[in-house]
Each structure stands twice: as C-alpha cells, then as structure tokens.
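# A look at the structure
Listed below are the residues making up each chain.
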Amino acid sequence: MNKTERTPQADCYRDDPELLPVTEALRRIDAQVESISGDERVALRDALGRIVAKPIISPMNVPGHTNSAMDGYALAGADLSMDDTRRLPVIGTAWAGRPFDGRVPPGSAVRVMTGAVMPPGTDTVIMTEQVEELLDEHGDMIIVVGQGHRAGQNVRQAGEDIAIGDCVLAAGKRILPAELGVLGSLGIGEVSVKRRLRVAFFSTGDELRSLGEPLAPGEVYDSNRHTLYGMLTRLGVELIDMGVIRDEPDAISDAFREAARIGDAIISTGGASTGEADYIGETLARLGEVRFWRIAIRPGRPLAFGRVGDAMFFGLPGNPVAVMVTFYQFVQPALLRMMGNEETHPNPTVRATCLSPLRKKPGRVEVYRAILAQDGDGRPTVRSTGKTGSGLLHTMSDANCFIILPHDGESVEPGAEVEVLPFFGLT
Ligand code: AMP
Ligand code: MG
C-alpha cells in the first residue's frame, strides 16, 4: 500500500466516538500492562534507579550497637536524682569506633562521643552543654548533673533503624539514593534487580529533520526524540532510538516490526491526529491490536495504545508539549508498572493559590504549564507561563510545574486554589 491508495476518511476512532475521560484511559492502560520477567545481579551503585527483584532481608541490626546520639556523658539512669544535683567522677572516654574498656560502676560517668558504643553499665547520655565540668581535689574530672533529665535519653538502640531479619526493601521498590544508603549500611554490595525495560521510540513526520541536516522550507527539527530521550533516561530504561520515520506505510510497518522485535515497549510521536491517524491506524491494524483514543485532555488529546507483537505500544501526538503531557500522564505510570515498580502512589500533587486567570471547559482535564513559587508569607502560589499552544515547547522550559484542572472544573479566577504537579521528583 502506498499513500495514494489509502482509504479516505477511514475512521480509526470508530471504537470510541466519545472523548475518553483521563481516568478511564488510565484504567484501560493499567488493565493491559504487566511487569516484565527477568532479573539480574548488579553492584550496589549500579542499582540506582532500578527495581528490587526479590525482597531484601537485613543480615544485621542497624545500628549494630546501642550508642550515644550526642557528645556528652554516659551514666546509669538510676543515678539521676529527681530533686537534687549529682556529682559523678568521669572514669574514661568512649569514642565512635573505640569503645570504653570495662564496666562502669554505679555512681560514675564516661565521656562519650556521638556514635560511641554505650559503655556497659550505662543507659543514658547527658549532653556536654548540660553538665558542669569540674576538677576534684585530686585534679580528677567530675561532672555535676542537674535535674530534669530522663533515664534512657540521647541513646540510639541497637536495631532501632533496622532489625536483623527485617525486610528492608520489598520486591517492586525503586532504588533511589536513600535505598543505596540503606543497603550500604547493611554491608550489601550486590542487589537482584529487574532487568532493564527496553523502550524503542521514533518520531514520524515527513517534515522532520535530525540534527546536522539542513532544513528545507517547511521542515522542522525533530525535538520529540530528544525530550523522550530525557524522560526515558530519567526513568532508567534501556533506550532504542530508531530515528525519524517518514509518513510512508512501508517505512512505518518496518519501523513497528523492528521496534516490536527488540523492545518491550514502543513509543511513537506524531501522526496520531485524525488527519494521519487513519493511515497509521491501518498500518497498525495489520500488525497488532491498537486502539486510537480521543482523550478528554488538553493538550494531548489523541493517543494510540495497544500491542504490536509482544510489545506495548504508545502512540503520542506530534506536538512537543502534548508529547510531554501525555508521557507523564499515561506512559510513565505504565512503563513503571512494566519495569516491575509496585509502588502505586502516583506523583503527589500540591495545592497552590493561582495568580492567573485560566480558561477551562468542563468535560476535559486541562493542563497548564506554570511556575510554582511562594508569597511573602511562604504560602504556595502558582502562575501560568502564559502562552498555551501545544507546540510551544519553550513554555515547558519556562515552567517548573503543571497546573491540572479537573475534568468537571470550570474556569479559574485569580485567588482560587488549584492542583499543581511539580516537575521536580517526577521520575
Ligand atoms: P502530527 O501529530 O504529526 O500531526 O504533528 C502535529 C504537529 O507537531 C506538527 O506541527 C508537527 O510538525 C509537529 N511535530 C510532530 N512531530 C514532531 C517532532 N518529532 N518534533 C517537533 N515537532 C513535531
Ligand atoms: Mg505528522
């Protein structure tokens, strides 16, 4: 088949003539995607961004020993007086990594540094600032401890952070900096993680040129593949960049076949709007099971979703802002599921006072690019970056958040509260 033979007006949206609510699109995607199988062992630092494959059980207590949380003096809580000051001789010092040798008899204290093992016979630490340090008549150190202390204070108990046998990281957990530290604190140098998800992606459009190519009139540089590269890299998947594919049935078929052969997921951009979608739709109908949806969201209305061979397919719109909005809304959660990430809480949104008037039609989600800041009292405020065209990628770069106006919501006046999805922490 070539372009001239394509069926005019073929309607690939016929299955869903109505606009599909965002929540319904998410539900349908969620019902289709599942975690890939296969895991591998990697060195601790290489596990950053990866997904835990099997529960990790702690081989030890953290902290390993009961230790002092402060620089100060360790003593027995029983030696504290409720109604009087106490004078105690200081019989030695315990350093972090150099314990006090011996047992502390009742009525004595040991100088301790933060992290030092609590000397046997003691269970309480008084901060240095809270004692009076004196020399007795023999020139030996004594401390004077006042009232108001609590037995057991300023001490970190062995196993208080993590106890031996605890499940420290459940399967499906994403390994971020805190998890690297936790595993390091347990002496774990290798981790079983899910294998990397392979994501093949390409841009479609006869007008698109790649870096280094000259532009003829009407041609534009492909930006979507670079944005996708950034978003996918942050997710920690294995990237297969298939370049720009021309709007030709054979080229499109070949690209999809190849992408399905090597990828667990395929992402294309462009050609999903009504003008071209029927034609990409026809190509895809022969290769897989794909549905074209008109989603009740702006920007980002057209979205294709389904399966090509064994790979999940996401056909995003062509407009660069719509690509980012649909990626974060629909593709990223699905890819995380496929990666084996089982934490279901979505990216948290915050509420902020909107400083800009925002026009909004009920019956669709509207996503504005915006800047989240604080007013003089430290309360969150948000204002639109202004222009709203879905081709104006620079407005994404000006923004640090999305304002998400809900499906049923109406226009917003300045001073109203809106829901904000910050860009930071999105991956
Ligand atoms: P389409 O969805 O293919 O109709 O494209 C919609 C608009 O987005 C058109 O103006 C395209 O030129 C533009 N567009 C499509 N793909 C890209 C891309 N990869 N990079 C930059 N602009 C694109
Ligand atoms: Mg196009």
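Please refer to the structure placed before this passage.
Computed from a predicted model, the values in this text were never measured in an experiment. (Residues numbered from 1 in each chain as written. Chains lettered and ligands numbered in written order. Predicted model: local features only at pLDDT ≥ 70, side-chain atom pairs only at ≥ 80, totals over all residues. Heavy atoms only, no water.)

Time to look at the overall build of the chain. Helix and strand content of the chain: seven helices and 26 strands. Computed over the C-alpha atoms, the radius of gyration of the chain is 31 Å, more than 25% above the 22 Å expected from 2.2 N^0.38 for a compact globule of 427 residues. If you line up the chain on its principal axes, its C-alpha atoms span 105 × 50 × 40 Å. Taken across its 427 residues, the chain has 47% of its residues classed as buried. Long-range contacts, defined here as pairs at least 24 residues apart, represent 72% of the contacts in the chain between residues at least 6 apart. Charge-centre separation for the chain: the mean point of 44 positive side chains lies 5 Å from the mean point of 57 negative side chains. (Helix = DSSP H or I, 4+ residues; strand = E, 2+ residues; numbered from the N terminus. Rg over C-alpha atoms; globule rule 2.2 N^0.38 Å. Buried < 20%, exposed > 50% of the residue type's maximum accessible area, 1.4 Å probe, protein only. Contact = heavy atoms within 4.5 Å. Lys, Arg positive; Asp, Glu negative; His and termini not counted. Charge placed at Lys NZ, Arg CZ, Asp CG, Glu CD.)

What follows covers the environment of Arg-351. Mapped onto the elements, Arg-351 comes out in strand S22 (residues 350–354). Between the alpha carbons of Arg-351 and Tyr-328 there is a distance of 19 Å; along the sequence they are 23 residues apart. In this structure Arg-351 touches Pro-380, Glu-417, Val-418 and Glu-419, once residues within four positions along its chain are discounted. Side-chain polar atoms of Arg-351 contact the side chain of Glu-417, separated by 3.1 Å. (Polar contact = N/O pair within 3.5 Å; in protein donor to acceptor, adjacent residues only side chain to side chain.)

Turning next to unusual backbone geometry. Note the cis peptide between Val-62 and Pro-63, where omega equals -10 degrees. Mapped onto the elements, Pro-63 comes out in the loop between strand S2 (56–57) and strand S3 (67–68). The amide bond that connects Arg-298 to the next residue, Pro-299, takes the cis arrangement and shows omega of -5 degrees. Relative to the assigned elements, Pro-299 resides in the loop between strand S19 (297–298) and strand S20 (302–308). Phi angles above zero are rare outside glycine, and Asn-154 is one such case at about 60 degrees. One can find Asn-154 in the loop between strand S9 (141–145) and strand S10 (155–156).

Here helix H1 (residues 22–32) crosses helix H6 (residues 320–339) at 25 degrees, and the two axes come no closer than 10 Å. Here H1 is positioned roughly parallel relative to H6, judged by the angle of their axes. In this structure, H1 crosses over H6, and the sense of that crossing is right-handed. Contact with H1, carried on its side by Val-22, Ala-25, Leu-26, Ile-29 and Asp-30, involves Gln-329, Phe-330, Ala-334 and Arg-337 of H6 and no other residues of that element. (Axes fitted to C-alpha atoms, helices over the stretch in contact; angles between N-to-C directions. Parallel < 35°, antiparallel > 145°, perpendicular 65-115°, else oblique. Left-handed = near helix turned anticlockwise from the far one by under 90°.)

Scanning the entire structure with this criterion turns up six aromatic pairs. The interplanar angle of 40 degrees and the centroid separation of 5.6 Å between the aromatic rings of Trp-293 and Phe-305 together place this pair among those described as tilted. Placement of Trp-293 in strand S18 (residues 288–294) and of Phe-305 in strand S20 is noted, with a sequence separation of 12 residues between them. For the pair formed by Trp-293 and Phe-305, the shared burial category is buried. Here the aromatic rings of Phe-402 and Phe-423 are separated by 4.9 Å at their centres, their planes lie at 75 degrees, and the arrangement is edge-to-face. Here the residue Phe-402 occupies a position in strand S25 (residues 401–405), and Phe-423 occupies one in the segment after strand S26 (417–422), the gap between them amounting to 21 residues. Of the residues examined, Phe-402 reaches a relative accessible area of 3% and is grouped as buried. Following the ring pairs from residue to residue traces out a cluster consisting of Phe-202, Phe-256 and Phe-313. (Phe/Tyr/Trp six-rings, centres within 6.5 Å; stacked < 30°, edge-to-face > 60°.)

This part covers the sheet that holds strand S17 (residues 265–269). Spatially, six strands are ordered S16-S13-S17-S21-S20-S18 in an open sheet, and the strand pairing comes out mixed. Bordering the open sheet on either side are strand S16 (238–245) and S18, each of which pairs with just one other strand. For this sheet, the mean angle separating the axes of adjacent strands, direction not counted, is 15 degrees. Of the pairings in the sheet, the one linking S20 to strand S21 (residues 311–316) comprises five bridges and is antiparallel in character. Across the sheet, Arg-307 pairs through a bridge with Met-312, a residue of S21. Packed on one face of the sheet, H1 meets S18, S20 and S21 and runs near 15 degrees to S20. (Pairing = 2+ DSSP bridges.)

This part is about the side chain of Thr-204. With respect to the element layout, Thr-204 can be found in strand S13 (residues 198–204). A polar atom in the side chain of Thr-204 sits 3.2 Å from the backbone oxygen of Gly-270.

We now examine the sheet that holds S9. Read across the sheet, six strands follow the order S7-S4-S6-S5-S9-S8 without closing on themselves; strand pairing throughout is mixed. The open sheet has two edge strands, strand S7 (124–127) and strand S8 (131–135), and neither has a second partner. This sheet shows a mean twist of 40 degrees between the axes of neighbouring strands, independent of strand direction. Strand direction decides the pairing type here: strand S5 (residues 86–94) and strand S6 (residues 109–112), joined by three bridges, are parallel. Each residue of the ladder has a partner; that of Ala-94, found in S6, is Val-112.

On to the pattern of salt bridges. A complete count under the given rule lists 20 salt bridges for this structure. Two residues, Asp-30 and Arg-337, come together in a salt bridge whose shortest N-O distance is 2.2 Å. With a gap of 307 residues between them, Asp-30 in helix H1 and Arg-337 in helix H6 connect regions that are remote in the sequence. On the basis of relative accessibility, which here comes to 40%, the residue Asp-30 falls in the partly exposed class. We classify Arg-337 as partly exposed; its relative accessible area is 29%. Between Arg-364 and Glu-366 there is a salt bridge, with its nearest N and O atoms 2.8 Å apart. Beyond isolated ion pairs, a larger network of salt bridges with shared partners links Glu-24, Arg-27 and Arg-28. (Salt bridge = Lys/Arg side-chain N within 4 Å of Asp/Glu carboxyl O.)

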